[in-house]
Amino acid sequence: MNRLQTILSRIEKCETLADIGTDHAYLPIEAVRAGLCERAIACDIVAGPLHIAKKNIRAAQLEHKIDVRLGDGLRPLRENEADCIVIAGMGGMNIIEIFCGGFAPGAVLPSASLLSEPPRTFLENAETSQNEVSDKSFEGGSGETFSKVSPEKIPEKNPKKIKFILQPQHDLEELRRFLIANGYKINETLARERSRFYVVVDAQKSCENSDRWTDRDFFLGKIDDKNYFRALREKIEKYFDSLTEKNSRDAAQKKLEWLEEKIHDR
Ligand SMILES: C[S@@+](CC[C@H](N)C(=O)[O-])C[C@H]1O[C@@H](n2cnc3c(N)ncnc32)[C@H](O)[C@@H]1O
């Protein structure tokens, strides 16, 4: 299955699906068409893609089912508004920043210095939202308007109800560390487009997170596919010689050993 089909296959029937970083809105359009959700919210931080999203939604005659919103990460969502949230096609660190900026008060970060800006706290977000105008439409150029909803409260009071479907383009290991440290239970599915593999991560808050993750687990994840491991090995082998620091070489060497073990069932 290709990347978008695999993401769709992970959506369980829900009421409201939010697609963060929707770009062209292909995913919410297909999810509504397939009856996977009653309605959808297509969000993006950039107005340009939302013009195309609106055009695609209009062409699919789904304007009454899909709301288009401009804003950063989860901030365009109201409290408890979505029961399934997809964040796909961006880097793992960007996904972590979206979690922190939206509603992960007290989140344990893998390394805050890796984030491009310090994570906003729950309170900081709430204060900002008071200064913004709720439900104001936004003129995104070319005369079109998008909803710009500032939540009165940060979503969501009951995070266990929300299923997240995440598809990082890179920094998968960091994303796994972040999710496990913050009490999410995760499952993973592999997608393939030509020679490129993508890992789709489902994450849901759980109070009984019994999984004990080692460094090996954070690197290998829950996928068990020898072709995927071979592709990872090839990627590391390509940059291995350019590693000059001993620590980086040792870490890469360890990863190669773990991959060899998986490839040869050891
Ligand atoms: C490569 S596209 C992925 C589109 C689609 N989700 C997919 O998987 O095919 C990434 C999109 O994420 C948007 N984006 C990046 N950071 C964002 C953020 N913090 N909040 C909302 N959208 C964001 C970008 O503007 C861009 O349209």
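Throughout what follows, the structure given in this document is the object of discussion. Owing to the predicted nature of the structure, the values given are computational and were not obtained by experimental measurement.

## A look at the overall build of the protein chain
Line of reasoning, step 1. The number of helices and strands found in the protein chain is 9 helices and 9 strands.
Line of reasoning, step 2. With 266 residues in all, the protein chain has 35% of them scored as buried.
Line of reasoning, step 3. For the protein chain, contacts bridging at least 24 residues in sequence account for 65% of all contacts bridging at least 6.

## Things to note about unusual backbone geometry
Line of reasoning, step 1. In this model, Gln61 sits at a positive phi of 55°, which is unusual for a non-glycine residue.
Line of reasoning, step 2. Residues other than glycine seldom take positive phi values, yet Asp265 does so here, at roughly 50°.
Line of reasoning, step 3. Turning to its location among the elements, Asp265 is positioned in the segment after helix H9 (246-263).
Line of reasoning, step 4. Assessed through the 6 C-beta atoms surrounding it within 10 Å, Asp265 is described here as exposed.

## Things to note about the site of the ligand
Line of reasoning, step 1. Looking at the ligand, there are 16 residues lining it, with Gly21, Asp23, Ile45, Ala88 and Gly89 nearest.
Line of reasoning, step 2. Those elements giving two or more residues to the shell around the ligand turn out to be strand E2 (37-44), strand E4 (84-90) and helix H4 (92-103).
Line of reasoning, step 3. Its residues assigned to classes, the shell around the ligand shows 8 nonpolar, 5 polar and 3 charged.

## As for helix H2 (residues 26-33)
Line of reasoning, step 1. Within H2, the full set of buried residues consists of Leu27, Pro28, Ile29, Ala31 and Val32.
Line of reasoning, step 2. For H2, the elements touching its buried residues are helix H1 (3-9), strand E1 (14-20), E2, helix H3 (47-59), strand E3 (66-70) and E4.
Line of reasoning, step 3. In the segment just after H2, Gly35 is the residue with positive phi, at about 70°.

## Structural notes on the environment of Ala191
Line of reasoning, step 1. Position of Ala191 relative to the elements: it lies in strand E8 (residues 184-193).
Line of reasoning, step 2. Classification of Ala191 by C-beta neighbours within 10 Å gives partly exposed; the count is 19.
Line of reasoning, step 3. Ignoring anything within four residues of it in the chain, the contact list for Ala191 reads Met1, Asn2, Arg3, Thr6, Tyr198 and Val200.

Procedures and definitions
Residues numbered from 1 in each chain as written. Predicted model: local features only at pLDDT ≥ 70, side-chain atom pairs only at ≥ 80, totals over all residues. Helix = DSSP H or I, 4+ residues; strand = E, 2+ residues; numbered from the N terminus. Buried ≥ 20, exposed ≤ 12 C-beta atoms within 10 Å, placed from the backbone. Contact = placed C-beta atoms within 7 Å. Near = placed C-beta within 6 Å. Nonpolar A, V, L, I, M, F, W, Y, C, P; charged D, E, K, R; others polar.

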